[in-house]
Every structure is written in C-alpha cells, then in structure tokens.
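This is what each chain is made of:
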Amino acid sequence: MALTLIFTLEEEVYGLEIDAIQEIIEEPALHYVPRAEGVLTGAINFHGQVLAVIDLPTLLGFPGRERDHRQVVLTPEFKSLVLTVSNIQRIVKLDLTTLQPPPENTQGRAIRGVAELDEMMVKLLDTDEIINQLENQYGE
Amino acid sequence: MALRVMVVDDALFMRNMLKDIFVRAGYEVVVEAENGEVALGLYQEFKPDLVTMDIVMPKKSGIEALQEIIASDPDACVVMVSALGQDSLVLEAVESGAKDFIVKPFKADNVLGIVRRITGQA
Amino acid sequence: MDMSQYRELFLSETREHINNLNQLVVTLEQEPDNREIIDALFREAHSIKGMAATMGFDRMAQLSHHLEDMLDGFRTTGEVPSPSVDYLLAGIDLLDGLLDDLQSNQPERAIDSFMICASKEELTPIAGILQDTPEEVQTIVAIEEAPEEFQTTVAIEEAPEEFQATVAIEEEVTPLTKAAPESDAFQVLVELAENTPAAAARGILILRELEKSGELMSSNPDMTALRSGTPCHQIQAWLRTSLTKIHIEEALLRISGVAKVRFIDDRRKDENSIRDEGDRTVRVRTGLLDQFVNLTGELITNRYMLNTATSARDWDKLTQTLSQTSRLIDDLHHHVLQARLMPLENITGRLPRIIRDLSRKSDKKVALRLIGAGVGIDRAILEELTDPLVHLVRNAVDHGIEKEGTVTVSARREKDLVLIEVADDGKGMNPEHLRQKAVDRGLMTAPQAVSLCDRDALMLVCQPGFSTAETVTETSGRGVGMDVVKEAVSSLGGTLEIISAPGQGARFQMRLPLSIAIIKILLVSCAGHPLAIPITRVQRTLDLSTSEIHYSGQKRVFHLGEEVVSLYSLTETLGLPEVAAGETTWVVLTEVHGRRVGLQVDHFLGQREAFVKRLGFPLNLLPGLSGATVEGNGHVVFIIDPQPLLEDRQLFSND
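Residues numbered from 1 in each chain as written. Chains lettered and ligands numbered in written order. Predicted model: local features only at pLDDT ≥ 70, side-chain atom pairs only at ≥ 80, totals over all residues.

**Topic: the overall build of chain A**
And step 1. Helix and strand counts for chain A stand at two helices and 10 strands.
And step 2. A buried classification covers 34% of the 140 residues belonging to chain A. (Helix = DSSP H or I, 4+ residues; strand = E, 2+ residues; numbered from the N terminus. Buried ≥ 20, exposed ≤ 12 C-beta atoms within 10 Å, placed from the backbone.)

**Some points on the overall build of chain C**
And step 1. Helix and strand counts for chain C stand at 21 helices and 22 strands.
And step 2. Every one of the 655 residues in chain C was classed for burial, and the buried ones make up 36%.
And step 3. Summarising the internal contacts of chain C: among those between residues at least 6 apart in sequence, 68% fall at separations of at least 24. (Contact = placed C-beta atoms within 7 Å.)

**Some words on the sheet that holds strand S6 (residues 365–371) of chain C**
Residue and element names in this part refer to chain C.
And step 1. The strand order across the open sheet formed by five strands is S6-S8-S9-S11-S10, and the pairing between neighbours is mixed. The outermost strands of the open sheet, each flanked by one partner alone, are S6 and strand S10 (495–500). Looking at each pair of strands side by side, their axes are set apart by 15 degrees on average, direction ignored.
And step 2. In terms of strand pairing, S10 meets strand S11 (residues 506–513) through six bridges, oriented antiparallel. Note that in S11 the partner of Glu-497 across the bridge is Gln-509.
And step 3. Helix H14 (residues 351–362) rests against S6 and strand S8 (404–414) of the sheet, and its axis sits at about 165 degrees to S6.
And step 4. Helix H15 (residues 379–400) contacts S6, S8, strand S9 (417–424) and S11 of the sheet and is inclined by roughly 20 degrees relative to S9. (Pairing = 2+ DSSP bridges. Axes fitted to C-alpha atoms, helices over the stretch in contact; angles between N-to-C directions.)

**Quick word on the sheet that holds strand S3 (residues 21–26) of chain A**
Residue and element names in this part refer to chain A.
And step 1. Pairing is mixed across the open sheet formed by five strands, whose spatial order is S3-S6-S7-S5-S4. Here the strands that pair on one side only, and so sit at the sheet edges, are S3 and strand S4 (40–46). Mean inter-strand twist for the sheet, computed between neighbouring axes without regard to direction, equals 30 degrees.

**Some thoughts on the pairing of strand S4 (residues 78–83) of chain B**
Residues and elements named next belong to chain B.
And step 1. Counting buried residues along S4, five of its six residues qualify, which places the element largely inside the surrounding structure.
And step 2. The handedness of the strand S3 (residues 50–54) to S4 crossover, carried by helix H3 (residues 62–72), is right-handed.
And step 3. Pairing of S4 with strand S5 (residues 100–104) involves five bridges; the strand directions are parallel. By the bridge assignment, Ser-82 is partnered in S5 with Val-103. (Right-handed = clockwise from strand over helix to strand, strands pointing away.)

**Considerations on the interface of chain A and chain C**
Interfaces are often described in size by the accessible area the parts lose on coming together.
And step 1. In this assembly, 19 residues from chain A lie in contact with 21 residues from chain C.
And step 2. Elements supplying a minimum of two residues to the side of chain A that touches chain C: S4, strand S5 (49–55) and helix H2 (127–138) of chain A.
And step 3. At four residues, S5(A) tops the list of elements feeding residues into the side of chain A that touches chain C.
And step 4. A per-class count over the side of chain A that touches chain C returns 11 nonpolar, six polar and two charged. (Nonpolar A, V, L, I, M, F, W, Y, C, P; charged D, E, K, R; others polar.)

**Side note on H14(C)**
Residues and elements named next belong to chain C.
And step 1. The terminal C-alpha atoms of H14 lie 16 Å apart, and with 12 residues this matches the ideal 16 Å at 1.5 Å per residue to within 8%.
And step 2. Listed in full, the buried residues belonging to H14 are Leu-351, Arg-353, Ile-355, Arg-356 and Leu-358.
And step 3. Taken together, the buried residues of H14 touch helix H1 (7–30), helix H13 (345–348), S6, H15 and S8.
And step 4. Asp-363 sits one or two residues past H14 and shows a positive phi near 60 degrees. (Expected span 1.5 Å × (residues − 1).)

**Quick look at the packing of helix H3 (residues 58–77) of chain C against helix H4 (residues 82–103) of chain C**
Two quantities define a packed helix pair, namely the angle between the axes and the distance from one axis to the other.
Residue and element names in this part refer to chain C.
And step 1. It is the contact of H3 with H4, at a shortest axis distance of 10 Å, that shows an interaxial angle of 160 degrees. Looking at the two axes, H3 sits roughly antiparallel to H4. The crossing of H3 and H4 is left-handed. Across the interface between the two elements, Arg-59, Met-60, Leu-63, Ser-64 and Leu-67 of H3 pack against Leu-88, Gly-91, Leu-94, Leu-95 and Leu-98 of H4.
And step 2. When the residues that make up the contact of H3 with H4 are grouped by side-chain class, the tally is seven nonpolar, two polar and one charged. (Parallel < 35°, antiparallel > 145°, perpendicular 65-115°, else oblique. Left-handed = near helix turned anticlockwise from the far one by under 90°.)

**As for the interface of chain C and chain B**
And step 1. Contact with chain C, which involves 11 residues of that partner, is made by 15 residues of chain B.
And step 2. By residue number, the principal contributor to the side of chain C that touches chain B is helix H8 (residues 199–213) of chain C, which donates four residues.
And step 3. Considering only residue class, the side of chain C that touches chain B consists of seven nonpolar, two polar and two charged.

**Here's the deal with the nonpolar core**
And step 1. Counting 67 residues, the largest nonpolar core has A:Ala52, A:Ile54 and C:Phe638 as the members making the most contacts within it.
And step 2. Judged by nonpolar contacts, the second largest core, of 60 residues, contains B:Tyr43, B:Ile102, C:Ala201 and C:Leu210. (Core = buried A, V, L, I, M, F, W, Y, C linked by C-beta atoms within 7 Å.)

Listed below in structure tokens is the structure:
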C-alpha cells in the first residue's frame with residue numbers, strides 16, 4: 001500500500017505518491033522568471049532555494065482555471081519541483097498491486113497507471129515522466 | 001669595519017673551506033680553533049663578532065663550548081655547524097643560545113645568508 | 001572500511017602528483033643527472049602507488065609501481081638516459097588517462113601495451129626472451145609486478161599511513177588572547193622548505209624571530225613542543241605587532257629553510273565564491289573551521305541582543321547590534337570565501353610540460369616564465385580556466401613565437417578581479433591583416449572592417465571561424481579555440497583583451513572575478529519586473545534623449561563617439577509588454593560577440609552585491625539566466641546574461 005495524495009482535476013482524480021513529496025506549502029509568493037513560458041509559471045523562494053513552479057493542470061492537458069491555494073514541493077530526487085495542482089482532496093492508501101496500465105487517451109500525459117479506490121479510478125502521476133517532459137521542452 | 005670571525009672545527013678541511021667563504025665575502029677570519037677548549041680561551045682573547053662552531057669535536061664539544069661562551073657573553077653570536085642527522089644536538093645548541101645553524105654539506109650562499117641575518121649586515 | 005569518502009580527495013591529490021611528475025620530468029630533461037629530481041620523481045610515483053593501492057585502483061597502482069621501480073633504477077645509476085624521458089612522460093600520460101577514467105567512473109583503461117613496451121626496452125633484462133604475443137608477455141609482466149604481493153605488502157604496510165597523512169587536516173591554533181579584529185593581530189603561516197634539516201631547531205629560531213617582531217600570542221607548534229624535538233613543516237602563529245606584514249615577511253624569509261610566509265587573517269573583504277560543483281572536496285584548515293564556529297557563536301549572541309533590544313524598543317542598542325551583526329557577516333563571508341580560494345599554480349602545473357612538448361613538435365626554443373602563480377582564485381573559476389589557459393599558451397607557441405622566445409604567464413590581483421596574462425615576445429599581430437582576413441572570410445564588409453579600431457580588429461581572432469594561420473599547425477590554427485577561450489572567460493563573468501602590434505609580441509589578458517558566488521549586479525526593471533545584470537557584463541550605463549536615437553532600417557541605433565551602436569529593448573527581448581517611451585531612454589551598454597550593443601531598460605534600480613543562487617531544474621535550462629538572487633524582502637530576482645538572451649531571440653545577427 002502506498003500513501004498517495006489525491007486531487008481532482010475537472011472530472012478526474014489524480015494521485016501523487018507521498019514518497020515523492022517534500023512539503024505542501026500554502027500560497028507561496030510567485031516570482032517572475034524571465035522568458036518563462038508554457039508549464040513553467042514562475043519561481044518561489046523555498047527556504048532560500050530558488051525553485052521552479054510547474055503548472056500541473058497545463059502539463060496534463062487541462063489548462064483550466066481551478067487551482068488549489070496549496071502547492072506541492074517534490075523531493076530533491078525529483079528536482080524539488082514545485083507543482084501547482086487543483087483541488088487537493090486528502091491522503092489515501094492506494095494498492096499499487098492492482099495498478100492498471102494508463103488508458104489510451106492519457107498517452108504522453110505523465111500517468112503511470114490507474115488504481116481503483118472506493119469505486120474511483122485514480123490516475124497515478126509519473127514523476128519521472130514529468131521531468132522527462134520538462135527536459136524535452138526546455139532542454140533543446 | 002669588516003666582520004671579525006672565529007672558525008672552530010676539528011677538521012682543517014672544514015676550517016679552510018669556511019675561511020675561504022668568509023674571506024671572499026670580505027670578512028676577516030681573526031682566529032681558528034680545533035676544539036672547544038681552545039676555542040674558549042681564544043674567544044676571550046679575540047672577542048670575535050661571530051663564531052662558527054662545529055658540534056662534534058674532541059676534548060670539549062661545540063655545545064659545551066657554546067654554553068660557556070654564552071655564560072660569559074650572553075650576546076655572543078655563535079652559529080653551529082652540524083652534519084645531517086644531528087637534529088637533537090642542533091636543538092640543544094639552539095636552546096643553549098646558538099643564533100643559528102648550518103648543516104653540512106653547505107653552500108657559500110647558505111652560510112653567508114645565515115651570517116648576514118644574525119649579524120644584521122646587509 | 002568505506003573508501004568512497006576519500007575518493008574526491010584521492011582524485012584531486014593524485015592530479016597534483018601527476019602535475020608534479022610532469023614538471024619534474026621536464027626539469028629532469030635539462031639536468032639528467034640531478035639526483036634530487038630523480039628522488040622527487042620517485043617519491044611522487046610512490047605516493048600515487050600508495051594511494052591507488054589503498055583505494056583499490058589496481059591498474060593505477062600497478063602502473064605507478066612500475067614507474068617507481070624504473071625510477072628506483074635511475075636512483076641507483078644516478079642518471080636518466082634520454083630515451084627514458086619520453087617513456088616516463090608516456091607513462092605519466094597514461095596515469096593521467098587512468099585518473100580521467102576513475103574521475104568519470106569508467107573502468108580503468110588498459111595498461112598492458114605500455115607495460116609490455118616497457119619490458120621490451122631497457123628496463124628488464126628479461127625482455128630479450130619476450131615474444132610479441134600479448135598473452136605470454138602479460139604472464140611475465142604479471143609475475144614481475146606480482147600484483148598480489150604489492151597489494152598486501154605495499155598497500156597495507158605503507159600506503160595507509162601515507163593516505164592518512166593526506167587526509168589529516170592541518171592543525172591550527174586559535175589565539176589565546178582573542179584579538180579584536182581592528183587590532184594589528186594576525187595569523188602568520190611560515191612554511192619550511194622540504195627536508196629542512198633540524199626542523200625543530202629551525203622552528204625555535206623562527207619563533208624567536210617572531211618574538212622580536214612583536215607579541216607572540218600563541219603558536220603551533222609552540223616553543224615547548226619544538227624543544228621536545230617535535231618535527232615541523234610549518235609554523236602557525238598569532239602575532240600582535242606594530243610592524244608591517246612586509247617587514248615581518250622579509251625577516252622570516254631571511255631565515256634559512258623558510259620557504260614561504262603567508263598571512264592568513266587578512267581582513268580584506270574582496271574575495272568571493274560557489275558554483276555548480278556537486279560534492280567536491282576542499283581541504284579546509286581546522287583553524288578556519290574554528291573561526292566559523294566562533295563567528296557563528298557571536299552571531300547567535302547577537303541574535304539574542306537583537307531580540308532584547310527589539311522587545312525593549314531600545315533603538316540605539318538595536319542600531320549598534322545591527323552594525324555589529326553586519327561586521328560579523330562580513331567576517332563570515334570573508335572566511336567562507338577564503339576556504340574556496342586556490343592558488344593559480346594548481347592549473348599552471350601542466351604548462352612546463354605543454355611548453356616542452358610544443359617546443360619539440362614545432363622545433364622552436366621556447367622558455368616559460370610563471371609569475372604570480374600563488375595568486376588565489378575561486379576553485380570553481382580555476383577549474384573552468386584550465387583549458388582557456390592551455391589554449392592561449394599553445395597559441396603563443398604556435399603563432400606568436402617564431403624560432404625562439406619566451407611565453408610569460410602571469411597573474412595578479414586588480415581590485416575585485418584577477419588578471420591573468422599570457423604574453424609572448426614573438427612576431428605580434430597585425431590589425432591590418434586581421435581586417436583583411438575578416439573581409440576575405442565574408443565576416444564583414446570592407447567599410448565595416450575599416451571602421452574597426454585596432455583593439456577591436458585584434459579581437460576578430462575570437463570570432464568563430466576566423467583563422468589567420470597560413471598553414472594550420474598540428475596543434476592549432478590561429479584563431480582555433482580563441483572563440484572558445486572568449487566564451488569560457490565570458491561565462492565566468494570575465495573579459496578578454498588582446499594587446500599586440502607587429503613585432504611587439506602579443507598579450508592576451510583575461511580579467512576574472514575572484515569568485516562567482518557573490519557578484520556585483522546592476523538592478524534594472526522591465527515592465528515592473530526587477531532583473532539583475534552582472535556588473536562585469538555592463539560597460540556603462542547611458543541615458544539617451546529621444547533625439548539621440550536613430551533608425552537604421554528596422555533597427556534602432558545611437559552614436560557613441562565614432563561608433564554606431566545597435567539598441568535593443570530588454571523588455572521586448574523578454575517578451576514583456578512595452579511601456580510607452582518617455583523622454584529619456586535608459587540604456588545598459590554591454591557586449592555581444594565582441595560588439596557593443598545597447599540594452600534599453602525601463603529603470604535603473606541601483607547597484608549592489610548579490611549572493612548568486614544556483615538555479616534548479618528546469619530553470620537552469622533557460623538561455624540567458626545565469627542565476628538568481630534573493631532580495632532582503634524574500635523576492636527572487638533573476639540574473640540575466642545579455643549575450644545568450646539576445647542570441648536566443650535572434651535579434652542579433654552578424655550583418
């Protein structure tokens with residue numbers, strides 16, 4: 001069983017494993033990053049470190065308006081990326097052994113797989129893939 | 001006035017060599033001694049500005065001679081001459097008041113540098 | 001025992017030993033019967049062997065063991081036959097290669113062919129019976145070298161101590177009486193020459209000399225330790241004196257056996273530090289660490305004082321404590337930076353060898369002079385500087401010097417900068433020829449070329465694809481690499497200048513910041529966003545009135561003396577909304593590819609020192625961002641590098 005933070009985006013439920021999370025922070029001041037575009041929306045001062053803020057809804061293909069006032073700081077293993085998410089729900093235990101491959105229509109959207117929870121389908125985020133995508137987008 | 005030097009060493013070869021170095025540098029070697037005992041008497045008689053003192057010598061060692069010279073003349077300018085590997089003797093000599101030391105084999109520049117430093121001559 | 005913690009130290013120390021080997025061999029070539037050099041070479045190889053065996057790097061241990069044996073043979077004969085010099089150098093190169101492998105976590109490269117070639121030549125009488133079949137030879141070599149044997153005997157018997165010795169942190173003393181920072185108390189470090197006889201006695205003489213100069217507060221080793229015969233290689237002492245440091249240094253240097261005198265506690269506030277460098281190792285004197293602890297302690301005290309003063313609303317006390325705090329922070333800053341400074345000699349060590357090889361290859365007689373190799377510079381900068389320096393030295397030999405001459409590498413401090421110059425006394429450079437070449441290569445039109453002043457014409461060699469070498473030599477064509485040098489210097493926040501005239505040699509001057517962690521910045525704003533530009537990137541600032549700005553086609557330009565300078569809007573470059581132009585246009589004059597350009601900003605917010613924060617992923621991938629700094633209010637301000645920014649937007653073209 002893996003502790004997972006779940007949040008909803010439009011009609012869908014997404015999960016992020018707690019192991020990948022360093023901290024959840026409340027409304028940090030967002031600073032301007034010259035030439036930032038796309039999913040990179042700015043930077044925050046996190047205990048003196050300058051960290052990039054990535055807009056997860058945009059990355060997942062839902063550039064809608066709903067955003068949670070809290071942001072998720074990933075662990076250094078995942079570059080301490082700061083993720084803007086939508087509607088954080090709660091932390092649940094997810095049985096990863098029942099993880100199903102991601103549905104066809106989520107190809108290339110950083111989804112590791114789908115797990116079932118109380119008759120809900122939770123799309124588990126693929127943090128490695130998020131980093132890959134950022135590398136591809138900004139790294140030329 | 002030229003610096004007046006006394007060279008103390010039991011080996012004639014070493015005495016000549018040091019004498020040569022000093023004379024070429026324009027110093028005056030006023031007297032030589034082949035052991036510590038002789039050196040003591042001659043020091044009182046000549047009152048040289050500088051003494052180079054071998055450590056291991058018959059009759060009276062360089063260190064004993066040094067100690068006695070310093071006892072009578074605390075400002076005496078004595079430079080010890082030692083061979084490699086006599087560190088503890090050199091240490092004793094420096095503690096007893098030797099102003100500096102030269103380790104054999106030495107070069108003329110080396111000797112003169114040490115002498116200039118302790119006599120304060122440029 | 002887990003050896004991985006010593007890995008970095010091993011890598012850096014071995015690199016030093018290899019540098020020493022290179023230098024020694026070059027000297028040896030001039031004095032083939034100099035026993036001291038042979039001995040020193042032997043010791044270097046021996047050290048590498050011990051460390052490599054301890055770390056379990058078998059091939060490096062085997063190779064250095066082999067070189068050590070060979071050198072030991074020369075010690076017996078007292079002479080090194082000249083063919084062996086090349087062989088030694090090849091061996092050192094191979095060691096260097098092995099170290100590269102280890103550094104990049106690759107398996108050690110093969111050394112068999114080198115060892116076989118060794119056995120075939122003068123080194124072993126057994127050579128005569130060797131066949132060319134590698135397998136056979138390998139067996140014999142293996143027996144000869146008996147790796148198991150030295151693994152056990154060498155590695156265990158001698159290597160650990162030696163390695164320990166390198167790991168041991170230099171002891172240092174803290175003052176018994178605490179010196180007020182403003183007083184004339186400072187720490188002096190006296191280093192003895194290697195193998196100084198009767199070192200303890202020498203130490204006593206040094207302490208006596210110090211006692212004559214002032215009040216000797218404490219020392220390590222102290223008089224008692226020296227009297228008991230404690231051997232010493234260096235003496236650290238706290239001294240309070242009214243004499244100048246120069247005076248004291250002179251007096252100490254006159255003592256026979258004193259190799260070097262350094263003053264540690266210089267309260268200058270100019271050196272700086274830190275950049276991207278993973279987990280590197282630096283050796284830090286424990287004394288410096290003690291000072292950190294002391295300063296931290298004082299800062300903690302200060303914090304309580306601030307708390308008290310705040311709750312008591314005692315403004316005088318508050319002001320006073322704040323100024324104390326800022327003094328402590330200055331101090332701390334200074335000491336942190338000290339820990340990162342390394343002398344330039346860390347990278348000049350390779351130069352004698354390079355000069356030697358180049359002289360041979362090009363059949364020229366070239367002498368090398370090194371001046372100021374002791375100048376300290378931040379290690380991160382130093383590492384980036386290695387290749388540019390080698391490039392410049394190569395160019396000097398290949399293109400500057402004709403038949404015979406001297407290459408001088410010198411370094412000196414210029415305020416916040418270090419000036420490193422590579423000069424040759426060769427044929428010099430002709431600006432006229434360079435202008436012509438630039439036109440021939442289609443880099444510019446003839447009128448453009450004519451309009452270049454001589455200084456700018458010389459800088460043409462730094463343009464990519466510019467080469468004036470009539471015949472390209474094996475090592476470099478003129479200009480090959482110069483663009484790389486320029487880029488490297490720029491990326492470190494430095495500048496490159498060339499001074500030359502026909503028949504007058506050439507001087508390539510690199511001016512580099514002492515450190516890159518704390519830099520001076522110019523704060524500007526664009527569309528309400530503050531941005532920082534490193535001062536080293538700013539030639540000057542201008543305020544132009546609307547009438548001074550002209551149009552050349554689509555482009556805006558202005559006149560700066562004789563020169564016509566293009567003007568770009570930073571706001572537009574960043575894709576920010578333009579603010580309606582006022583009467584005055586604020587312009588930062590900077591340089592892109594050796595050409596001056598003006599960068600229009602909305603406002604100047606002032607200059608200040610900034611601690612550069614490294615950028616995390618993916619910010620580090622964005623072109624034109626070289627770091628960020630956090631303002632007093634917690635705001636993040638990004639530091640921009642105009643060149644890549646303009647390049648990326650393709651606003652700048654080589655028309």
